[in-house]
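# Reading the structure
These are the residues of each chain, in order.
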Protein chains: 2
Amino acid sequence: MAGVLDGVRVLDLSRVFAGPAATQVLGDLGAEVIKVEEPGRGDEARGFGVTAEVLERLGASPSFLALNRNKRSIALNLKSPAGLALAKRLAGSADVLVHNFRPGAMEKWGLGWEDLRAINPRLIHCGFSAYGEAGPLRDFGANDVALQAHSGLMHLTGEPDRPPVRVGTAGIDLHGSLGMVCAILAALLHRGKTGEGQKVTSSLLQSSAHLMSYFYTDWWLAQTEHQRMGTANHLSVPNQVFPAADGDVVIIAPSDDMWRRLAQAMDPATLDRPEYRTAMGRRTHRLALVEALTALTRALPCDEILRRLGDAKVNVARVHNVGQAADHPQLEAAGAVLHWDREGHAERGVAPPFTLTAAPAEVHRPPPAVGEHTAQILQELGLDESEIAQAGREGAFGEPGAVAA
Amino acid sequence: MAGVLDGVRVLDLSRVFAGPAATQVLGDLGAEVIKVEEPGRGDEARGFGVTAEVLERLGASPSFLALNRNKRSIALNLKSPAGLALAKRLAGSADVLVHNFRPGAMEKWGLGWEDLRAINPRLIHCGFSAYGEAGPLRDFGANDVALQAHSGLMHLTGEPDRPPVRVGTAGIDLHGSLGMVCAILAALLHRGKTGEGQKVTSSLLQSSAHLMSYFYTDWWLAQTEHQRMGTANHLSVPNQVFPAADGDVVIIAPSDDMWRRLAQAMDPATLDRPEYRTAMGRRTHRLALVEALTALTRALPCDEILRRLGDAKVNVARVHNVGQAADHPQLEAAGAVLHWDREGHAERGVAPPFTLTAAPAEVHRPPPAVGEHTAQILQELGLDESEIAQAGREGAFGEPGAVAA
């Protein structure tokens, strides 16, 4: 089936998580993505969190492989004039450029929006930075966990009487990746109406602020300084982990109707009390309610709690580890997994977090090796063999003399 | 300035966080958003996590106010045939419909995609569910923390020798909201090319899986069962909180170059050791490295650590609480805050997590009261006063006889 972004050409200068995750979604929607990597090492995420044995066997880290399908790789040394010149030619033929260099770096190289719009006014120039392109922290480096700390998210995560902890995944990076996808799709709509490209930006700071938006509003309007609450939260009760006889479950009943059904399904004698019947009452009597419900869940196996509360249309879920979650049959059933073939071997990865029924995401290419498509991409750009060889002598593909793969 | 989505009409049947957060972004981009609410109570998020005093003063909870600007509200009783008929007429004139009713509910009401495409084939019908529309968990209810538990994210969040904790914000809801925005923008591009609407879907499960994608790939490819690590992570070292003399900072140096600069800036004598010079070496010698760096940070105030490491282009950030984060001047400087006026009072909220320089997000309306625009919206739909009164007698706006605001 035709992808929504068929014919859209993306030049991806980004590294590590947010940018690559964004361009992977664009590729899943049909865009042609050209990933520009540093010769040799490539995207540093290729080596993240992996043992030598696994790296040898897989060729790159799982965190790289999870975020770089549907891309071709060109290895260019942007520090050499010859490499930079090739990057500019590629930008001239692109619909979308994505990068996450520090503010000012692209302009220094002549790859800023103002430089490139002169040769390619339809270009959508997407920059992802740490803290944005202005302000006192503009030049500070950061990554996902730096913004977990800066944004207050870490402060809210953990047990009440213990230090803060990090969110166990790079959620600010990945949320930022969808921020970029939104910006790029919106800019494509704008270009469709006006014929004009534009500069779009996102940042770890904007991503973290969006994730924290209702806490900031609470602070601004009511000066409420929320604290970490273990597995509970301040919005409703019950809304946390409860122990079962053979594991743990979360039980959440934010509305009064759902609470009434919960009380009926578990034990009306102890739960269907007047003081628990309103959301505010349940928050006021949090400790007593949690204690009463715990006494009931502790005696039952997870399956029985899920059956009773599931039947009563009460929100309930089991606490899984990663393997249990990844192998749960619901993941495939919900369309959250994409499959592809690499040299006869079946591979899979997590789909974009949405489904377009008329133009579903598809995987055309497994994640590339560093520079795997360098010569092919340059030939498509119109370079002949002698020009490619000359660029190599000038250091475009690494040290002077390095040849294109 | 003209918004990208000027002229796009969104009928929003969704409640609580993910759907409202998605339609708020659409509104910020210029779409006209009509929020359908239950007469009386309205969106149940209006009462979440708020004291009676704050509710009285603000009119709705901060978490509602954070996610519902740029919308008008119509109060319709979908359980009455008259209310449902009005919802169908509104859907007939919409470009986009968003809902988060349980799988099957919209079809039961005649508001499913197949029903509505017959009267409005250009409609983009966006459904957000808990676990998707098929599979063993299809009919289970869930919310953000249920998917934190189900997805394995909770298992990875917390201290190594303590129970799991929740992520301190509703990150799976908010990430899902951007998944919906991506899907809707992509479907608008598709409609621009083909003239046809489509059904698009997202779910808490897909959102959580996308946030966990690199862990699932690690499990599938290498059977790695990651564990929670407090403020650290498995990808690189150092990458965690360090104590300062007067607070806490996170320090992250994933690349070998950045580590070398960190060692020079802090204390080459104890840090610039051969065994720490490679990413794999730093992971192998994690405990010794963290101990050596802690001995240095403990003696310095936060400002001094930020200055030294900032100057050395090493990733570093302070651990803030919510108020410090919300009031930090960088938030405004990065374009993460939108401002608007409500009856002469300046209000603000967090912007979408991206910036379109040629068509910036704007706020035209503060969050509405329940049903504030019911009569206005129905008049625009072509109903005259007697038809609106008749619908009221038939129970369209609550109990039979309730009148439109």
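Residues numbered from 1 in each chain as written. Chains lettered and ligands numbered in written order. Predicted model: local features only at pLDDT ≥ 70, side-chain atom pairs only at ≥ 80, totals over all residues. Heavy atoms only, no water.

Per an unreviewed UniProt entry, chain A goes by the name CoA transferase and belongs to Falsiroseomonas frigidaquae.

When you go through chain A residue by residue, the secondary structure sums to 19 helices and 12 strands. The buried share of chain A, taken over its 405 residues, is 64%. For chain A, long-range pairs separated by at least 24 residues make up 67% of all intrachain contacts whose partners lie at least 6 apart in sequence. Accessible surface computed for chain A: about 14200 Å², of which carbon and sulfur atoms make up 52%. (Helix = DSSP H or I, 4+ residues; strand = E, 2+ residues; numbered from the N terminus. Buried < 20%, exposed > 50% of the residue type's maximum accessible area, 1.4 Å probe, protein only. Contact = heavy atoms within 4.5 Å. Areas by Shrake-Rupley, 256 points an atom, 1.4 Å probe, with all protein chains shown as cover.)

Below, the discussion takes up the environment of B:G344. Among the structural elements, B:G344 can be located in the loop between β10 (337–342) and β11 (345–350). Each C-alpha atom, one on B:G344 and one on B:D95, is 33 Å from the other, the two residues being 249 residues apart in sequence.

Moving on, we come to the interface of chain A and chain B. With 149 residues of chain A in contact, the opposing surface of chain B contributes 149 residues. Of the roughly 12400 Å² buried at the junction of chain A and chain B (both faces included), carbon and sulfur atoms supply 66%. At the junction of chain A with chain B, the criterion picks out two salt bridges. Among the ionic pairs, B:R162 bridges to A:E159, the shortest N-O distance being 2.4 Å. Joining chain A to chain B, the criterion identifies 64 residue pairs in polar contact (both at pLDDT 80 or more). Counting residues per element, the side of chain A that touches chain B draws most heavily on helix α8 (residues 171–194) of chain A, at 16 residues. Tallied by class, residues from the side of chain A that touches chain B come to 83 nonpolar, 47 polar and 19 charged. When strand β6 (residues 198–203) of chain A meets strand β12 (residues 355–356) of chain B, the two strands line up antiparallel, connected through two bridges. Across the sheet, A:V200 pairs through a bridge with B:L356, a residue of β12(B). (Buried area = accessible area lost by both parts, 1.4 Å probe. Salt bridge = Lys/Arg side-chain N within 4 Å of Asp/Glu carboxyl O. Polar contact = N/O pair within 3.5 Å; in protein donor to acceptor, adjacent residues only side chain to side chain. Nonpolar A, V, L, I, M, F, W, Y, C, P; charged D, E, K, R; others polar. Pairing = 2+ DSSP bridges.)

Residues and elements named next belong to chain B. Of the two faces of strand β4 (residues 96–99), the one lined by V96 and V98 and the one lined by L97 and H99 are each fully buried. As paired elements, strand β1 (residues 9–12) and β4 share three bridges and run parallel to each other. Looking across to β4, one finds that V10 is bridged to V96. The sheet contact formed by β4 and strand β5 (residues 124–129) spans four bridges and is parallel. Looking at the pairing, V96 lines up with I124 of β5.

The sheet built from seven strands is open, its strands ordered β12(A)-β6(B)-β5(B)-β4(B)-β1(B)-β2(B)-β3(B) with mixed pairing. Strands at the two margins of the open sheet, each flanked by one partner only, are β12 (355–356) of chain A together with β3 (71–75) of chain B.

Now for the environment of B:M106. Residues and elements named next belong to chain B. Its place among the elements puts M106 in helix α5 (residues 105–108). On the basis of relative accessible area, M106 is assigned to the buried category, the value being 1%. Residues M106 and S255, 149 residues apart in the sequence, show an inter-C-alpha distance of 50 Å. The residues touching M106, leaving out its near neighbours within four places in the chain, are L13, L97, H99, F101, L111, G112 and H125.

The next subject is the pattern of salt bridges. For the coordinates displayed, the defined rule picks out 48 salt bridges over all chains. Measuring nitrogen to oxygen at the nearest pair gives 4.0 Å for the salt bridge that ties B:D12 to B:K71. Residue B:D12 is found in strand β1, and its partner B:K71 is found in strand β3; the two are separated by 59 residues along the sequence. Judged by relative accessible area, which is 0%, B:D12 ranks as buried. Residue B:D95 pairs with B:R191 through a salt bridge whose shortest N-O separation is 3.1 Å. Of this pair, B:D95 sits in the loop between α4 (81–92) and β4 while B:R191 sits in helix α8 (residues 171–194); the two residues are 96 residues apart in sequence, bridging distant segments of the chain. In this structure, B:D95 and B:R191 share a single accessibility class: buried. The structure contains a network of salt bridges with shared partners spanning A:R9, A:E32, A:R72 and A:E380.

This part is about helix α9 (residues 204–211) of chain B. Of all eight residues in α9(B), eight are buried, a share of seventy percent or more. Where α9(B) is concerned, the buried positions are B:L204, B:L205, B:Q206, B:S207, B:S208, B:A209, B:H210 and B:L211.

Looking at the assigned domains, one finds that chain A contains domain 1 (9–211 + 331–393) and domain 2 (239–320). Computed from C-alpha coordinates alone, the two centres of domain 1 of chain A and domain 2 of chain A are separated by 43 Å. (Domains from an automatic or database assignment.)

We now examine the relation of the copies chain A and chain B. Taken as rigid bodies, chain A and chain B are interconverted by a rotation of 180° and an axial shift of 0.0 Å, the fit giving an RMSD of 0.0 Å. This pairing of chains is accounted for by a two-fold axis. The residues that chain A uses at the interface reappear at the interface of chain B in 100% of cases, marking a shared surface. (Least-squares fit on C-alpha atoms with pLDDT ≥ 70 in both.)

A full pass over the atoms with the stated rule returns 10 aromatic pairs over all chains. Ring centres of A:F17 and B:Y214 lie 4.9 Å apart, and the angle between their planes is 55°; this geometry places the pair in the tilted category. Placement of the pair is A:F17 in the loop between β1 (9–12) and α1 (18–28) and B:Y214 in helix α10 (residues 213–222), with the two residues belonging to separate chains. Like B:Y214, A:F17 is buried. With a centroid separation of 5.9 Å and an interplanar angle of 90°, the aromatic rings of A:W259 and A:Y276 are classed as edge-to-face. Of this pair, A:W259 sits in helix α11 (residues 256–266) while A:Y276 sits in the loop between α12 (268–271) and α13 (279–284), and the two are 17 residues apart along the sequence. Each member of the pair, A:W259 together with A:Y276, is buried. (Phe/Tyr/Trp six-rings, centres within 6.5 Å; stacked < 30°, edge-to-face > 60°.)

On to the side chain of B:S151. Mapping B:S151 onto the fold places it in the loop between α7 (144–150) and α8. At 3.2 Å, the side chain of B:S151 forms a polar contact with the backbone nitrogen of B:L153. Dropping the residues within four chain positions of it, B:S151 is found in contact with A:A325, B:S208, B:M212 and B:Y216.

Next up on the list: the sheet that holds strand β8 (residues 247–252) of chain A. Residue and element names in this part refer to chain A. Strand order in this open sheet of three strands is β7-β8-β9, and the pairing throughout is antiparallel. Among the strands making up the open sheet, the edge pair consists of β7 (239–244) and β9 (315–318). Going from strand to strand, the sheet's axes swing by 25° on average, the running direction of each strand aside. In this fold helix α14 (residues 286–297) packs onto β7 and β8, with an angle of close to 35° to the strand it touches most, β7. (Axes fitted to C-alpha atoms, helices over the stretch in contact; angles between N-to-C directions.)

Before going further, it helps to spend a moment on unusual backbone geometry. The omega torsion of the bond from A:V237 to A:P238 falls at 0°, within 30 degrees of zero and hence cis. The residue A:P238 is located in the loop between α10 (213–222) and β7 in this model. Phi angles above zero are rare outside glycine, and B:N70 is one such case at about 60°. Looking at the secondary structure, you find B:N70 in the loop between α3 (62–65) and β3. Exposure remark for B:N70: the relative accessible area of 4% places this residue in the buried category. Although it is not a glycine, B:K313 sits at a positive phi angle of roughly 60°. Assignment of secondary structure puts B:K313 in the loop between α15 (302–311) and β9 (315–318).

Glancing now at the side chain of B:S80. One can find B:S80 in the loop between β3 and α4. With residues near it in sequence (within four places) discarded, B:S80 still touches B:E394, B:G395 and B:A396.

Taking 1.5 Å per residue, 12 residues should reach 16 Å; α4(B) reaches 16 Å between its end C-alpha atoms and fits that length. Those residues of α4(B) not exposed but buried are B:A82, B:G83, B:L84, B:L86, B:A87, B:L90 and B:A91. (Expected span 1.5 Å × (residues − 1).)

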